[in-house]
Amino acid sequence: MGRATSKDAQALIHSLRSAYAATPSSLKIIDLYVGFAVFSAIIQVVYMAIVGSFPFNSFLSGVLSCIGTAVLAVCLRIQVNKENKEFKDLPSEHAFADFVLCNLVLHLVIMNFLG
């Protein structure tokens, strides 16, 4: 088995970029939202590592809110993607309504946990 070279890595990155360029803008917006949610969770973990975790429930609530929102956004992306055959009959409005309702329930639970 041969070694992977830098040309193989460059070819892989180029093929990923060209495939992602064909992605609809609505899915790219959802991807940005997921990235922002994960980035927010990472920032909170770094802050907790530097400053400390005195109100530990607040830290857990913040991180779980970000991660839960990211997971729900990934589910929305899967349902809205037109290339996904499993959800081809599901209207985008229904998928977005599910996303909003699940976010509402998630954040009500997190507010309750916050105390």
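Cut-offs used in this document
- Residues numbered from 1 in each chain as written.
- Predicted model: local features only at pLDDT ≥ 70, side-chain atom pairs only at ≥ 80, totals over all residues.
- Heavy atoms only, no water.
- 1 Å grid on protein atoms, 1.4 Å probe; cavity = no way out; pocket = protein on both sides within 12 Å on 5 of 7 lines; lining within 4 Å.
- Points joined across faces, edges and corners; volume = space filled by probe spheres on them.
- Nonpolar A, V, L, I, M, F, W, Y, C, P; charged D, E, K, R; others polar.
- Axes fitted to C-alpha atoms, helices over the stretch in contact; angles between N-to-C directions.
- Helix = DSSP H or I, 4+ residues; strand = E, 2+ residues; numbered from the N terminus.
- Parallel < 35°, antiparallel > 145°, perpendicular 65-115°, else oblique.
- Left-handed = near helix turned anticlockwise from the far one by under 90°.
- Contact = heavy atoms within 4.5 Å.
- Patch = residues over 30% accessible without salt bridge, like charges linked within 9 Å, V, L, I, M, F, W, Y side chains within 5 Å.
- Areas by Shrake-Rupley, 256 points an atom, 1.4 Å probe, with all protein chains shown as cover.
- Salt bridge = Lys/Arg side-chain N within 4 Å of Asp/Glu carboxyl O.
- Buried < 20%, exposed > 50% of the residue type's maximum accessible area, 1.4 Å probe, protein only.
- Core = buried A, V, L, I, M, F, W, Y, C linked by side-chain atoms within 4.5 Å.

### Concerning the layout of surface pockets
Its volume calculated, the largest pocket comes out at about 160 Å³. Around the largest pocket, the lining residues are A19, A22, T23, P24, S26, L27, V80, N81, K82 and E83. Per-class residue counts for the lining of the largest pocket are 5 nonpolar, 3 polar and 2 charged.

### Focus on the packing of helix α2 (residues 25–51) against helix α3 (residues 56–80)
Relative orientation of the contacting elements α2 and α3 amounts to 165 degrees, with a least axis distance of 9 Å. Looking at the two axes, α2 sits roughly antiparallel to α3. In this structure, the crossing between α2 and α3 has a hand that is left-handed. Across the interface between the two elements, L27, I30, D31, Y33, V34, A37, V38, S40, A41, Q44, V45 and M48 of α2 pack against F59, G62, V63, C66, I67, T69, A70, A73, V74, L76, R77 and V80 of α3. Residue composition of the contact of α2 with α3, by class: 18 nonpolar, 4 polar and 2 charged.

### Remarks on a nonpolar patch on the surface
The grouping of V38, I42, V46, Y47, I50 and V51 at the surface amounts to a nonpolar patch, some 590 Å² of accessible area in total. Relative to the helices and strands, I42 is located in helix α2. On the basis of relative accessibility, which here comes to 48%, the residue I42 falls in the partly exposed class.

### Brief notes about the environment of L101
In this fold, L101 is placed in helix α4 (residues 92–114). L101 gets classed as exposed once you look at its relative accessible area, which sits at 51%. For the pair L101 and Q44, spaced 57 residues apart in sequence, the C-alpha to C-alpha distance is 25 Å.

### Description of the nonpolar core
Among the nonpolar cores identified, the biggest contains 11 residues, and these are L27, I30, V34, A37, A70, L72, A73, L76, V80, A95 and F99. Going through the elements one at a time, α2, α3 and α4 are the ones with two or more residues in this core. In terms of residues, this core owes the most to one element, α3, which gives 5 residues. For A37, the contacting residues outside a window of four places in its chain are C66 and A70.

### Re the pattern of salt bridges
Within this structure, the stated rule accounts for 1 salt bridge. For D31, the salt bridge identified is with R77, shortest N-O distance 2.5 Å. With D31 in helix α2 and R77 in helix α3, this pair connects stretches of sequence that are 46 residues apart. A relative accessible area of 23% places D31 in the partly exposed class. By relative accessible area, which is 22% here, R77 ends up partly exposed.

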